Amino acid sequence: MKVDRLVSIIMILLDKERIGAQELADMFEVSPRTIYRDIDTINMAGIPVHSTSGVGGGFEIMQKYKIDKKVFSTADLSAILMGLSSLSNMIRGDELVNALAKVKSFIPAERTKDIELKANQIYIDLSPWTSNRNIQPYLEIIKTALQESKLLSFEYADLYGNKTARTAEPYQLVLKSSHWYWQGYCHKRNDYRLFKLSRMSNLQMQEETFTPRDYQKPILDFVEILETMQTKIKIRIHKSVMDRVLDFCAYEHFSPDGDEHYIVSFPFIENDYYYNILLSFGDKCECLEPLHIRTEMKRRIHDIATLYEN
């Protein structure tokens, strides 16, 4: 969100004597041109940002300048409070408490009630209903290791439960689809890996520090890749599971089949993950076509039934 970035740039400029456009661009993963536009916006808002060219140049706020609390609109402050409050559900610590306190200090007394009302109109809770009890303490360990550039040691389970001892350099915490991961350079694999916190055990921060490498960011957007891999299958579902099926495809792919059922064009890849999705709908879902996927579903259901018979 642009407002978040602008406020963050202002905070950085207040904290640092001078910072370059490229450093800011790398920090926020945008182009230097975007940073220059942001600086123009900040200047237009009444905050005097001075630019110095050449070696050692960059942006800086004029010395002894104090921010007028009125520089942020009600909408700006509401959006920032909303975002920080949502993050506090997932990440605990003094950093967020201090950030919230700083933002609230910008709120004039006469606007406090209005801003808090607007900030509470949307509530975002990314935390799962139930979760692994190790996640929160592991997050704190990883955050500390990131800040101090210290190695992490742990045991990691693969998809089939096989555990291996790992040592890795932490580079980034990632929240994706309500699950926590962290990207690190694994010494066992001699490559970057994205580790899922729920698969980890015995996580410990080592005393040994490391020199950060040229960081390789994880690929987190698989939309285009999945579109080339997925095929459409036809399933018939009961209306009671419609809400869950909508997590995987749009309502335009549904067509009524009587009063209680729908025929759905469902995106599918022939692997265990997608077969397990269909199985998770139980007797409220039937694969109609293609025939070979319907046949494979029958085989898997038979294997489950045999397991319980024995």
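Residues numbered from 1 in each chain as written. Predicted model: local features only at pLDDT ≥ 70, side-chain atom pairs only at ≥ 80, totals over all residues. Heavy atoms only, no water.

(A) Geometry of the side chain of Glu169. Inspection of the secondary structure puts Glu169 in strand S4 (residues 163-176). Classification of Glu169 by relative accessible area gives buried; the value is 4%. In this structure the side chain of Glu169 is engaged in a polar contact, spanning 2.7 Å, whose partner is the side chain of Tyr171. Looking at Glu169, its side chain comes within polar contact range of the side chain of His187, at 3.0 Å. (Helix = DSSP H or I, 4+ residues; strand = E, 2+ residues; numbered from the N terminus. Buried < 20%, exposed > 50% of the residue type's maximum accessible area, 1.4 Å probe, protein only. Polar contact = N/O pair within 3.5 Å; in protein donor to acceptor, adjacent residues only side chain to side chain.)

(B) Quick look at unusual backbone geometry. Residue Glu289 is joined to Pro290 through a cis peptide bond whose omega torsion reads 5°. Here Pro290 lies in the loop between strand S11 (285-289) and helix H11 (291-309). The phi angle at Asn190 is positive, at roughly 55°, despite the residue not being glycine. The topology assignment puts Asn190 in the loop between strand S5 (179-186) and strand S6 (191-196). Even without a glycine there, the phi angle at Asn202 is positive, about 55°. Its place among the elements puts Asn202 in strand S7 (residues 200-209). Residue class for Asn202 comes out partly exposed when judged on its relative accessible area of 47%.

(C) A look at the nonpolar core. Ile235, Ile237, Val245, Phe266 and Leu278 are the most contacted members of the largest nonpolar core, which totals 22 residues. Those elements that place two or more of their residues in this core are strand S8 (231-238), helix H9 (242-245), strand S10 (261-268), helix H10 (272-280), S11 and H11. Not counting residues up to four positions away in its chain, the partners in contact with Phe266 are Thr231, Lys232, Ile233, Ile235, Val245, Phe248, Cys249, Ile277 and Leu278. (Core = buried A, V, L, I, M, F, W, Y, C linked by side-chain atoms within 4.5 Å. Contact = heavy atoms within 4.5 Å.)

(D) Up close: the packing of helix H2 (residues 21-28) against helix H3 (residues 32-44). Look at H2 against H3: their axes get within 8 Å of each other, and the N-to-C directions meet at 105°. Accordingly, the angle class assigned to the pair H2 and H3 is roughly perpendicular. Facing Ala21, Gln22, Leu24, Ala25 and Phe28 of H2, the residues of H3 in contact are Pro32, Ile35 and Tyr36. Here the contact of H2 with H3 is built from residues that sort into 7 nonpolar, 1 polar and no charged. (Axes fitted to C-alpha atoms, helices over the stretch in contact; angles between N-to-C directions. Parallel < 35°, antiparallel > 145°, perpendicular 65-115°, else oblique. Nonpolar A, V, L, I, M, F, W, Y, C, P; charged D, E, K, R; others polar.)

(E) Quick look at the pattern of salt bridges. Under the defined criterion, the tally for this structure stands at 15 salt bridges. Linking Arg299 and Glu296 is a salt bridge whose minimum nitrogen-to-oxygen distance equals 2.7 Å. Of the two residues, Arg299 and Glu296 both sit in helix H11, 3 residues apart, roughly one turn of that helix. Of the residues examined, Arg299 reaches a relative accessible area of 42% and is grouped as partly exposed. The residue Arg300 makes a salt bridge to Glu296 at a minimum N-O spacing of 2.8 Å. With Arg300 and Glu296 both in helix H11 and 4 residues apart, this pair spans about one turn of that helix. Each member of the pair, Arg300 as well as Glu296, carries the same accessibility label: buried. (Salt bridge = Lys/Arg side-chain N within 4 Å of Asp/Glu carboxyl O.)

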